[in-house]
Amino acid sequence: MCLRRPEKINFMKIKGSLTVEAAVIVPLVLLCIMWIVETGITLYGETVELVQKQEMWQEFHPAKKFRKLELLGDIVDTFL
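Throughout what follows, the structure given in this document is the object of discussion. (Residues numbered from 1 in each chain as written. Predicted model: local features only at pLDDT ≥ 70, side-chain atom pairs only at ≥ 80, totals over all residues. Heavy atoms only, no water.)

Some points on the overall build of the protein chain
Then, number 1: Scanning the protein chain from N- to C-terminus turns up two helices and zero strands.
Then, number 2: Among the 80 residues that make up the protein chain, the fraction classed as buried is 0%. (Helix = DSSP H or I, 4+ residues; strand = E, 2+ residues; numbered from the N terminus. Buried < 20%, exposed > 50% of the residue type's maximum accessible area, 1.4 Å probe, protein only.)

Here it is as structure tokens:
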């Protein structure tokens with residue numbers, strides 16, 4: 001039975017390899033996170049705009065608006 005001495009592993013190459021991999025993966029992960037945050041902010045902005053438009057229509061009363069415009073027209077005609 002022949003016992004062989006295990007070869008030494010060059011840990012400097014492994015550390016360098018991990019550094020290169022981290023230099024590639026970390027920016028990609030950060031880019032993905034920033035893209036998700038940007039998408040969330042955009043979605044939030046669109047939701048706020050939609051809610052504001054819905055509130056505008058809930059407060060809109062066409063008959064009341066028409067009466068005010070007619071009254072304003074009568075007032076303007078009276079002074080002209």
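Don't stop here, the text continues.
Re a nonpolar patch on the surface
Then, number 1: Taken together, the side chains of Val20, Val24, Ile25, Val26, Leu28, Val29, Leu30, Leu31, Ile33, Met34, Val37 and Ile41 present a nonpolar region at the surface, about 1100 Å² in accessible area.
Then, number 2: Mapped onto the fold, Ile33 is located in helix α1 (residues 11–59).
Then, number 3: Classification of Ile33 by relative accessible area gives partly exposed; the value is 44%. (Patch = residues over 30% accessible without salt bridge, like charges linked within 9 Å, V, L, I, M, F, W, Y side chains within 5 Å. Areas by Shrake-Rupley, 256 points an atom, 1.4 Å probe, with all protein chains shown as cover. Salt bridge = Lys/Arg side-chain N within 4 Å of Asp/Glu carboxyl O.)

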